[in-house]
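Each chain, letter by letter, is given below.
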Amino acid sequence: MSDTATTVRVPIEGVDQLVLAGVNDANLVELARISSARVAMRGEALTLTGDNDAVMRGEAIAMGMIATVRSGNTLVPDDVLRLSLEQRPEDQAARANGALVLPGARKVVKPKTAGQATYLQQILEHDIVVGIGPAGTGKTYLAVAAAVDALMRKRVRRIVLARPAVEAGENLGFLPGDMQAKVDPYLRPLYDALDDLMPVERIQKAIESRTIEVAPLAFMRGRTLGDAFVILDEAQNATHLQMKMFLTRLGVNSKIVITGDKTQVDLPKREESGLMQIERILHGIEGIKFHYFTDADVVRHRLVRDIIKAYNEDAAGG
C-alpha cells in the first residue's frame with residue numbers, strides 16, 4: 001500500500017477551519033469514511049493519502065466542502081455525504097449558490113443540494129414547476145420559501161397554499177368541529193413551513209387579510225388566481241379532474257408550483273392520480289418545467305435516505 005500511496009494537499013487558506021472540520025472533526029471523519037483516504041488537516045491544507053482512486057474521490061468532495069464553507073453555509077456530516085453523491089463539479093458549485101434572503105424573515109434559506117438549487121432556479125424562471133420526488137427533499141419547504149420571497153418583494157400580492165383532503169367526501173364527517181377544524185390536519189405541514197419562515201404575528205395578519213390563504217384543493221373550484229403564488233402540495237392525491245381544475249385557475253402574473261411523491265398515492269385504485277397524468281401530457285409545453293428529486297436530495301436524517309433507497313430496491317425487485 002505504501003509503495004503506491006498518493007498524497008494530495010488541498011489548500012484551505014481563508015476557510016473557517018472549525019466549520020470545515022465540524023464538531024470533533026466529524027466532517028473530516030465522514031470524508032475519510034466515504035473516500036477511503038486518510039484525511040488530516042495541517043496548517044493551511046487538507047492532506048489526503050491513499051490509493052489514487054480514493055484520493056481523487058476525496059479531493060473532489062473536499063473541494064465541495066470548502067466551497068460550501070466559503071459561501072457561508074454550515075457543514076455537517078450529512079452535507080459531506082450529500083456532496084459525495086453529487087459527482088459533477090458544476091453540481092457542487094450550484095449547491096453553494098441560490099440562497100433566498102427573505103426580507104424581514106427569520107432566516108436565509110439555502111439549498112443544501114444541487115437538485116434543490118436547480119429547483120429554486122426553475123421556480124424563478126418558469127410559470128409552472130412540478131417538483132416530484134421522495135419525502136425529505138425539501139419540495140414543499142423550498143416552494144413555500146420561494147412564495148414568501150415573492151410576496152415580500154412584492155412580485156405577487158398573495159400566496160395560496162392548497163392540499164388535497166383525500167377523505168373529504170367520506171371520513172372527515174366523523175371528525176369533531178367545523179369544516180376548518182376538519183381540514184386543518186391535512187394542511188398542517190403547510191402551516192409548519194410558514195411558521196419556520198415568517199414571524200407568527202405576520203402570518204396571522206396575512207391570513208386574516210387573505211394575503212396568505214391555506215385551503216383544501218376543493219376550495220379552489222370556480223376561482224381565478226391572479227397576481228398570486230400558488231402551491232399545490234401532495235399533488236399525487238389530486239384526481240385528474242381536480243388537477244385540471246387547479247391548473248386552469250392560473251391567472252395573470254401568477255406562478256404555480258406543484259409538489260408530489262408518486263410512491264405515496266392514497267387515492268382509491270379506481271381514481272387516477274392527477275400528478276401521474278400531467279407527467280404524461282404536459283412535458284414539452286413552454287413555461288412548464290418538471291424537476292425530479294432523488295434520494296441524494298434528502299435533507300432529513302440520513303436514515304430517511306437509506307429507508308427510501310431500501311423501499312425503491314424492494315419495489316424494483318418485486
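Here's what I pulled together on the structure shown here. Note that the coordinates shown come from a computational prediction; the quantities given were computed from them, not determined experimentally.

A look at the sheet that holds strand E2 (residues 38-42)
Strands pair in a sheet through their backbones, by hydrogen bonds, and they do so in one of two ways: parallel or antiparallel.
Here's step 1: With antiparallel pairing, the three strands of this open sheet are ordered in space as E1-E3-E2. The open sheet terminates on both sides in strands that have one partner only, identified here as strand E1 (6-11) and E2. On average, adjacent strands in this sheet sit at an angle of 20° to one another, irrespective of strand direction.
Here's step 2: Note that E2 and strand E3 (residues 45-50) share five bridges and pair antiparallel. Its bridge partner lying in E3, Ala40 is registered against Thr47.
Here's step 3: Each of E2 and E3 touches helix H2 (residues 26-35); the most contacted strand, E2, lies at about 150° to it.
Here's step 4: Where helix H3 (residues 52-70) meets the sheet, it contacts E1 and E3, and its direction lies at approximately 10° from that of E1.

With respect to H2
Given 3.6 residues per turn, any residue in an α-helix points the same way as the ones three and four places further on.
Here's step 1: Asn27, Leu28, Glu30, Leu31, Ile34 and Ser35 are the residues of H2 that are buried. The buried residues of H2 all sit within an arc of 160° when viewed along its axis, so they share a single face. Opposite the buried face of H2, by more than 90 degrees, sit the exposed residues Val29 and Arg33.
Here's step 2: Two residues or fewer past H2, Ser36 is found with a positive phi of approximately 70°.

Brief notes about helix H10 (residues 240-247)
Here's step 1: When H10 is considered as a whole, its buried residues turn out to be Met243, Met245, Phe246 and Leu247.
Here's step 2: At its buried positions, H10 is contacted by strand E6 (128-132), strand E9 (228-232), strand E10 (255-260) and helix H11 (274-281).

Concerning the sheet that holds strand E8 (residues 212-216)
Here's step 1: Taken together, the six strands give an open sheet; going across it, the order is E8-E7-E9-E10-E6-E11, and neighbouring strands pair in parallel fashion. Sheet topology places E8 and strand E11 (288-292) at the edges, where each strand pairs with a single neighbour. In this sheet, neighbouring strand axes are inclined to one another by 15° on average, regardless of whether the strands run parallel or antiparallel.
Here's step 2: When strand E7 (residues 158-163) meets E8, the two strands line up parallel, connected through five bridges. Bridged to Ala162 within E8 is Ala215.
Here's step 3: Packing of helix H7 (residues 139-152) onto the sheet brings it into contact with E6, E7, E8, E9 and E10, and relative to E9 it is tilted by some 170°.
Here's step 4: Across the face of the sheet, H11 comes into contact with E6, E10 and E11 while running at roughly 120° to E6.

The rules we used
Residues numbered from 1 in each chain as written. Predicted model: local features only at pLDDT ≥ 70, side-chain atom pairs only at ≥ 80, totals over all residues. Heavy atoms only, no water. Pairing = 2+ DSSP bridges. Helix = DSSP H or I, 4+ residues; strand = E, 2+ residues; numbered from the N terminus. Axes fitted to C-alpha atoms, helices over the stretch in contact; angles between N-to-C directions. Contact = heavy atoms within 4.5 Å. Buried < 20%, exposed > 50% of the residue type's maximum accessible area, 1.4 Å probe, protein only. Arc of directions from axis to C-beta.

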